Structures are given as C-alpha cells and as structure tokens.
Amino acid sequence: MQIEKKLDELGVILPPMAPPGAMYIPVRKLGNALFISGQVPMRDGKPLFTGKVGTERSIEYAQDAARICVENMLAAVKDFLGDLDLVANIIKLQVFVNSEVGFDKQHIVANAASQLLFDIFSDIGRHARTAVGTNQLPMDVTVEIEAIFEVKG
Amino acid sequence: MQIEKKLDELGVILPPMAPPGAMYIPVRKLGNALFISGQVPMRDGKPLFTGKVGTERSIEYAQDAARICVENMLAAVKDFLGDLDLVANIIKLQVFVNSEVGFDKQHIVANAASQLLFDIFSDIGRHARTAVGTNQLPMDVTVEIEAIFEVKG
Amino acid sequence: MQIEKKLDELGVILPPMAPPGAMYIPVRKLGNALFISGQVPMRDGKPLFTGKVGTERSIEYAQDAARICVENMLAAVKDFLGDLDLVANIIKLQVFVNSEVGFDKQHIVANAASQLLFDIFSDIGRHARTAVGTNQLPMDVTVEIEAIFEVKG
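Parameters and conventions
- Throughout, a residue's number is its position along its own chain's written sequence, starting from 1.
- Each chain gets a letter, beginning with A, and each ligand a number, beginning with 1, in the order they are written.
- Owing to the predicted nature of the model, reporting of local features is limited to residues with pLDDT of at least 70; listing and counting of side-chain atom pairs is limited to 80 or more, with chain, interface and lining totals taken over all residues.
- Think of the side-chain values as coming from all heavy atoms in the structure, minus any hydrogens and water.
- Put simply, DSSP H or I for four residues or longer makes a helix, DSSP E for two residues or longer makes a strand, and each gets a number counted from the N terminus.
- To get the radius of gyration, use the C-alpha atoms; to get the globule rule, take the number of residues to the power 0.38 and multiply by 2.2 Å.
- Here the term buried applies to any residue with accessible area under 20% of the maximum for its type, exposed to any over 50%, and partly exposed to those in between, with areas from a 1.4 Å probe on protein chains only.
- Only the protein chains shown count as cover for residues, with accessible areas throughout obtained via the Shrake-Rupley method and a probe of 1.4 Å.
- Throughout, a contact is declared for two residues whenever any of their heavy atoms are within 4.5 Å.
- By buried area we mean how much accessible surface two parts lose on assembly, using a 1.4 Å probe and totalling the loss over both.
- We define a salt bridge as a contact between a side-chain nitrogen of Lys or Arg and a carboxyl oxygen of Asp or Glu at a distance within 4 Å.
- We call two N or O atoms a polar contact when they sit within 3.5 Å, provided that within protein one can donate a hydrogen and the other can accept it, with sequence-adjacent residues counted only if both atoms are side-chain atoms.
- Side-chain classes follow a simple rule in which Ala, Val, Leu, Ile, Met, Phe, Trp, Tyr, Cys and Pro form the nonpolar group, Asp, Glu, Lys and Arg form the charged group, and the remainder, Gly included, forms the polar group.
- Each Phe, Tyr or Trp ring (for Trp, its six-membered ring) is paired with any other whose centre lies within 6.5 Å, and the angle between the two planes then decides the class: stacked below 30 degrees, edge-to-face above 60, tilted in between.
- Whether a charge sits over a ring comes down to the Lys NZ or Arg CZ being within 6 Å of the ring centre and within 35 degrees of the ring normal.
- Here the axes come from fitting lines to C-alpha atoms, over the contacting stretch only for helices, and the angles between their N-to-C directions go from 0 to 180 degrees.
- Roughly parallel here means an angle under 35 degrees, roughly antiparallel means over 145, roughly perpendicular means 65 to 115, and every remaining angle is called oblique.
- The predictor attaches a confidence to each residue, and that confidence, scored 0 to 100, is pLDDT.
- The copies are overlaid by a least-squares fit using only the C-alpha atoms of residues whose pLDDT is at least 70 in both copies.
- If you view the pair so one helix is near and one far, a crossing is left-handed when the near helix is turned anticlockwise from the far one by less than a right angle, and right-handed when it is turned clockwise.

Caption draft 1: Geometry of the overall build of chain A. When you go through chain A residue by residue, the secondary structure sums to three helices and seven strands. Starting at the N terminus and walking to the C terminus, you meet the elements of chain A as α-β-β-β-β-α-β-α-β-β. Here chain A has a C-alpha radius of gyration of 15 Å; the compact-globule value for 153 residues is 15 Å, and the two agree. For chain A, the proportion of its 153 residues judged to be buried stands at 64%. On chain A, roughly 5600 Å² of surface is accessible, and the fraction owed to carbon and sulfur atoms is 52%.

Caption draft 2: Spotlight on the interface of chain A and chain B. Contacts between the two partners involve 24 residues from chain A, matched on the other side by 34 residues from chain B. A buried area of about 2300 Å², summed over both sides, lies between chain A and chain B, and 58% of it is on carbon and sulfur atoms. Between chain A and chain B we count one salt bridge in total. At the boundary of chain A and chain B, one finds 23 residue pairs in polar contact (both at pLDDT 80 or more). Residue composition of the side of chain A that touches chain B, by class: twelve nonpolar, six polar and six charged.

Caption draft 3: Broad picture of the pattern of salt bridges. In this structure the tally under the stated criterion is 21 salt bridges over all chains. For A:D64, the salt bridge is made with A:R67, and the minimal N-O distance between the two is 2.9 Å. Placement of the pair is A:D64 and A:R67 together in helix α2 (residues 59-81), with a separation of three residues, close to one helical turn. A relative accessible area of 35% means that A:D64 is categorised as partly exposed. Judged by relative accessible area, which is 31%, A:R67 ranks as partly exposed. Measuring nitrogen to oxygen at the nearest pair gives 3.1 Å for the salt bridge that ties C:K78 to C:E4. Placement of the pair is C:K78 in helix α2 (residues 59-81) and C:E4 in helix α1 (residues 2-10), with a sequence separation of 74 residues.

Caption draft 4: The packing of aromatic side chains, seen in detail. Summed over the entire model, instances satisfying the criterion amount to nine aromatic pairs over all chains. With 6.5 Å between their ring centres and 80° between their planes, A:F121 and A:F149 make a pair best called edge-to-face. Of this pair, A:F121 sits in helix α3 (residues 106-121) while A:F149 sits in strand β7 (residues 143-151), and the two are 28 residues apart along the sequence. Judged by its relative accessible area of 4%, A:F121 is buried. Plain terms: the ring middles of B:F96 and C:F96 are 6.4 Å apart, the flat faces sit at 65° to each other, and that makes the pair edge-to-face. On the criterion of chain membership, the pair formed by B:F96 in strand β5 (residues 87-98) and C:F96 in strand β5 (residues 87-98) is interchain, its members lying in two chains. Across this residue pair, the class does not change: B:F96 and C:F96 are buried. Counting every residue linked through ring pairs, the aromatic cluster contains A:F96, B:F96 and C:F96. Above the face of the C:Y61 ring, C:R57 is positioned so that its terminal group lies 4.4 Å from the ring centre.

Caption draft 5: Main features of the packing of α1(C) against helix α3 (residues 106-121) of chain C. Residue and element names in this part refer to chain C. Two numbers describe how α1 lies on α3: the axes approach to 8 Å, and their chain directions differ by 120°. Comparing their axes, α3 and α1 come out oblique. Side by side, α1 and α3 meet where I3, K6, L7 and L10 of the first sit next to D119, I120 and F121 of the second. When grouped by side-chain class, the residues that make up the contact of α1 with α3 number five nonpolar, no polar and two charged.

Caption draft 6: A look at the interface of chain C and chain B. With 34 residues of chain C at the interface, the matching set in chain B holds 24 residues. Carbon and sulfur atoms supply 58% of the area buried between chain C and chain B, which totals about 2300 Å² over both sides. In this assembly, chain C and chain B are joined by one salt bridge. For the pair chain C and chain B, the interface holds 23 residue pairs in polar contact (both at pLDDT 80 or more). The dominant element in the side of chain C that touches chain B, judged by the number of residues it contributes, is strand β6 (residues 128-134) of chain C, at seven residues.

Caption draft 7: Representation of the confidence of the model for chain A in the model. Chain-level pLDDT for chain A is 96 on average; 100% of the residues reach the 70-or-more range. Across the whole predicted complex the pTM is 0.98, and at the interface the ipTM reaches 0.97.

Caption draft 8: How the structure looks around the relation of the copies chain C and chain B. Once chain C is rotated about the relating axis by 120° and shifted along it by 0.0 Å, it coincides with chain B to within an RMSD of 0.0 Å. Taken together, the rotation and translation relating the two chain copies correspond to the operation of a three-fold axis. Residue by residue, only 12% of the interface of chain C is reproduced at the interface of chain B, so the copies engage with different surfaces.

Caption draft 9: Fine view of the packing of α2(A) against α3(A). Residue and element names in this part refer to chain A. Relative to each other, α2 and α3 sit at 40°, their axes nearing to 8 Å. The angle between α2 and α3 falls in the class oblique. In terms of crossing hand, the pair formed by α2 and α3 is right-handed. Contacts from I59, A62, Q63, A66, R67, V70 and L74 of α2 reach α3 at I108, V109, A112, A113, L116, L117, I120 and F121. Among the residues forming the contact of α2 with α3, the class breakdown is 13 nonpolar, one polar and one charged.

Shown next, in the form of structure tokens:
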C-alpha cells in the first residue's frame, strides 16, 4: 500500500476506471511489460480539457490536462493489476499535445505528467519520454498520453 | 489454419506482402514481441486512400483506409511468421489519422481497424490503442497504423 | 570496439550525451529492450535544425536534422551501456517530421536516419519504422526520433 499512501499524501484521488470510449482495451500485458492505451483528460465519460495550446489554451491548462491523463492511466493500471505496488518501473511515456501552429513547448506540457509520476513513484517513476505536437486529437482533447510500465515479475 | 479459415469466412484476402517503400524492414522481433512498421493503405505499390479526413474525406473513407492498413499488416506478419496461427496476442495499435483541423473523430476511424482485428482473432485480437490526428502522412495517405503483436513462445 | 571503429571510418563523431532538457531520462531498460527518449537535433543545449519541411525547409535540411538525432541517440545509448558493441539489434524507430501541410515525404526524411544506422550497424541496424508528419515539435525542431534497441542478454 506504499503507492496508495503516497497518493493520499499528495491528495491525488484516482477516478473509477473509465471504460474505453471505443473498440479497444485499456491495458495489454506482454511479458512484464504493460502497454497502456492513450489516455485522455476525461472524467465521467466527458472530456474535461479541450482545445489547442497556443492562443486558445495556456500551457498551465494543458499541464492540468496532462495530470488528469496520468490519473486516468493509474486508474487503468490499478484496475488491471489490483494493486499499484505491483508496478516495478515506469518505462516510457508518449505525450501528444493538441497544438496551434507556432506553439513549441510540448515538452513543458509533458513535464507536468512526468513530475506527477516522479512525485508518486519516486525513482521507479523515472521514464523515457517523447513529446510531440499534433493538429488534432480525439474529441478535441488537449493532451493524450500513452505509456509502458514494467510490472514485478 | 484457424486464422486463414477465419479470413476466408470474412472474405478478407491478404495482399502479397508489399516490399517497404523506403529504408526499413516490415517486422522486427524482440523476444516474443513483433514490432510492425507503420502500415499505409497501399496496394501494388500505390497509395489507394489519400487526403485528409474532415471536409475532403469522410469517416467512412478513412475507415476503409484503416482496414487496408490492417490487411497489409497481416500480410507482413504472415510473411514474417509463415503462419498467422503463431500470433499469440495483438498487443497495441497506434493509429495516425491524416486530419483537417477541426476533425476530432480519430477514435472512430481507428475503430474500423480494431473491429477487423477482433473479427479475425477474437479475444486474442483485443488490444491497447492510441489514436491521434496528424497534419500530414507520407504520400498523403489517409491513415497509418503501427502495431505490436505477441508470438507464441 | 567494432562499432567505434565503424564510427571512425564513417567520420561520425558522437557528441557528449546531452542531459535531457526536461523531466525525463534518456534511456529506460525493460528486459533486453532499451526504450530511448525522443531525440531532437540539439547540440550544446541548442536546437541546430528548426522549422517545418515544405517551403520553409528542404528535405535535405531535414535529413541533416535526422542524422543529428541519430548521433544524439547513439550518444545516449553509449552513455547508458558504456559500449555500443552491447547493442544486439536496432528494433524500431518512430520518426516525427515537423511538416507544412502539403509536404508528404516524411519517409524520405526518415531514410537518412535509417541509412546512417545501417551504415554503422550493418544487418543488426535493420529496423521496423514509422514515419509521420506533425504540425509542431518541441522548440520547433525539424525532426524528432524515438527508438527501441535490443541489448545483448
């Protein structure tokens, strides 16, 4: 219950696992690797953060969206594993930021997701990462994040 | 020959494996994981589905493109493995949809690919997935899909 | 020292490993797989190649950028492994090309990265690949490349 305790300390409340909004499953395991579907900033089946970063949406708005993606990711992993203490390492994030042409701080948006994972998981939360812009995301959400986690063997 | 039988039932005819149009190989294996190069809706060396979804191309057009990507993916895996019955699980798809700004149904486009894989592989075809928009794809194709499959050990 | 010898022959000088410009780590290992963070064409902490391919930047410019991404990738792997001869196989590249709408030769840009890896690693450098366009990359760099390598067991 180390990770649950940490979530409490940080005031992070995981939402109930959202059923996928389309024809896929949230998590697939191959060996010790968990492949986690692209997470979007939804709550209760509705997109909470939409629009493009630049003039329409601020970096701070997009960072809030990124943190919700991480919370949804952890809810999916908890649902799959039963216990977040079974996470051995966070391996990789791929962060897509819905961007206006001219906005080039996708890495700063992605930092909010990475920081939250470090805060929760400490050293095992340190991960490789790719952050890119995109001209459109599903339901016009502001951020989408997929991940690979390692589980204890 | 279970999967071949299923393809027959569904009327899916796999094309001959297309040689890559550039400097890469279609499939790379690492342990039991097959990493499959981004598949585009080509036939006989020519892009069959081009243009952006939105006003220029419809969702249905893009879904047809997504299904051709899956057929080319399975052709590549069959060429690599010799027999599609050696597929243990379909792990993950990443779907890029060539999108006009304002089109935000990338997940609906991606569903066509996911549905076809479920129809062919049943439960082992259930996968994690990320669907995003992009402002341009190679040769202006409408959809590009990369995948990770697990093979029997 | 086979790979170092090859780098010498080709006149490729790896830069010192660049510390990540944000909250992530350059390389994460899971089993025999190395997941390498998205590499951008930076040197000495500054982006060397910026802008979009199309009318603003040429294919050749973007290919030069792609080669710098590969050099930074190898610098990161060398720093992690200590010795590039421990690379067993290059498994996959994902190449994002900062593109104007209308530019659709992302695969030709990506070829420069793939060719350099083949030149250095010969057959074990042959990899699966996905190349896509994007409307924006961090710091407006022209190309970003992430990779999966296999290390000797």
